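Remarks on the overall topology
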Amino acid sequence: MLLGNIGWGVRIVQVAAGGGLVRVAHSLLLTSTGRVLSFGTAQYGQLGHGYDAGSQLGDTLRPRYVEALKDEKCICVAAGELHSGAVTADGD
């Protein structure tokens, strides 16, 4: 596997980068099949890999698939200062 289980032959069609505050930066990758990956600073849950208000999440250095979107076909991703967003093929 390549880059943290992304897989061989996966085509990235969009990249979005967010951040702005000191040491807060994250990125989203959209594949040609509509899957979303994220990596970077995770302390506010902006990567989509979960959130726990009682503890600080560790940073994700390699792209990981956002499992909450595994059954969705996404067509667009966006990353803001402390948040991320995705639009599905259904418009959600």
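One structure accompanies this document, and this report is about it.

**Some points on a nonpolar patch on the surface**
On the surface, a cluster of nonpolar side chains totalling about 220 Å² of accessible area is made up of Val 10, Ile 12 and Val 15. Mapping Val 10 onto the fold places it in the segment before strand 1 (12-19). The exposure class of Val 10 is partly exposed, given its relative accessible area of 31%.

**Considering the sheet that holds strand 4 (residues 60-65)**
If you walk across this open sheet you meet the four strands as 1-2-3-4, and the pairing is antiparallel. Each end of this open sheet is capped by a strand with a single partner; those strands are strand 1 and strand 4. Neighbouring strand axes in the sheet, compared pairwise and without regard to direction, differ in orientation by 15 degrees on average. Across seven bridges, strand 1 lies against strand 2 (residues 25-31) in antiparallel orientation. Each residue of the ladder has a partner; that of Gly 18, found in strand 2, is His 26.

**Concerning the environment of Val 24**
Locating Val 24 in the fold gives a position in the loop between strand 1 and strand 2. Here Val 24 falls in the buried class, since its relative accessible area comes to 5%. A sequence separation of 31 residues divides Val 24 from Ser 55, and the C-alpha atoms of the two residues are 16 Å apart. In contact with Val 24, other than residues within four places in its own chain, are Gly 18, Gly 19, Thr 41, Gln 43, Tyr 44, Gln 46, Glu 81 and Leu 82.

**As for a negative patch on the surface**
A contiguous patch of negative charge, built from Asp 71, Glu 72, Asp 90 and Asp 92, is present on the exposed surface. Checked against the element boundaries, Asp 90 lands in the segment after strand 6 (84-88). Judged by its relative accessible area of 67%, Asp 90 is exposed.

**Comments concerning the nonpolar core**
Nonpolar side chains in soluble globular proteins tend to be buried together. Of all hydrophobic cores here, the largest spans seven residues; its members are Ala 16, Leu 28, Leu 30, Val 36, Val 66, Cys 74 and Val 77. Listing elements by their share of this core, those giving two or more residues are strand 2 and strand 5 (74-79). If we ignore the near neighbours within four places in the chain, the residues touching Ala 16 are His 26, Ser 27, Leu 28, Val 77, Ala 78 and Ala 79.

Conventions used here
- Residues numbered from 1 in each chain as written.
- Predicted model: local features only at pLDDT ≥ 70, side-chain atom pairs only at ≥ 80, totals over all residues.
- Heavy atoms only, no water.
- Patch = residues over 30% accessible without salt bridge, like charges linked within 9 Å, V, L, I, M, F, W, Y side chains within 5 Å.
- Areas by Shrake-Rupley, 256 points an atom, 1.4 Å probe, with all protein chains shown as cover.
- Salt bridge = Lys/Arg side-chain N within 4 Å of Asp/Glu carboxyl O.
- Helix = DSSP H or I, 4+ residues; strand = E, 2+ residues; numbered from the N terminus.
- Buried < 20%, exposed > 50% of the residue type's maximum accessible area, 1.4 Å probe, protein only.
- Pairing = 2+ DSSP bridges.
- Axes fitted to C-alpha atoms, helices over the stretch in contact; angles between N-to-C directions.
- Contact = heavy atoms within 4.5 Å.
- Lys, Arg positive; Asp, Glu negative; His and termini not counted.
- Charge placed at Lys NZ, Arg CZ, Asp CG, Glu CD.
- Core = buried A, V, L, I, M, F, W, Y, C linked by side-chain atoms within 4.5 Å.

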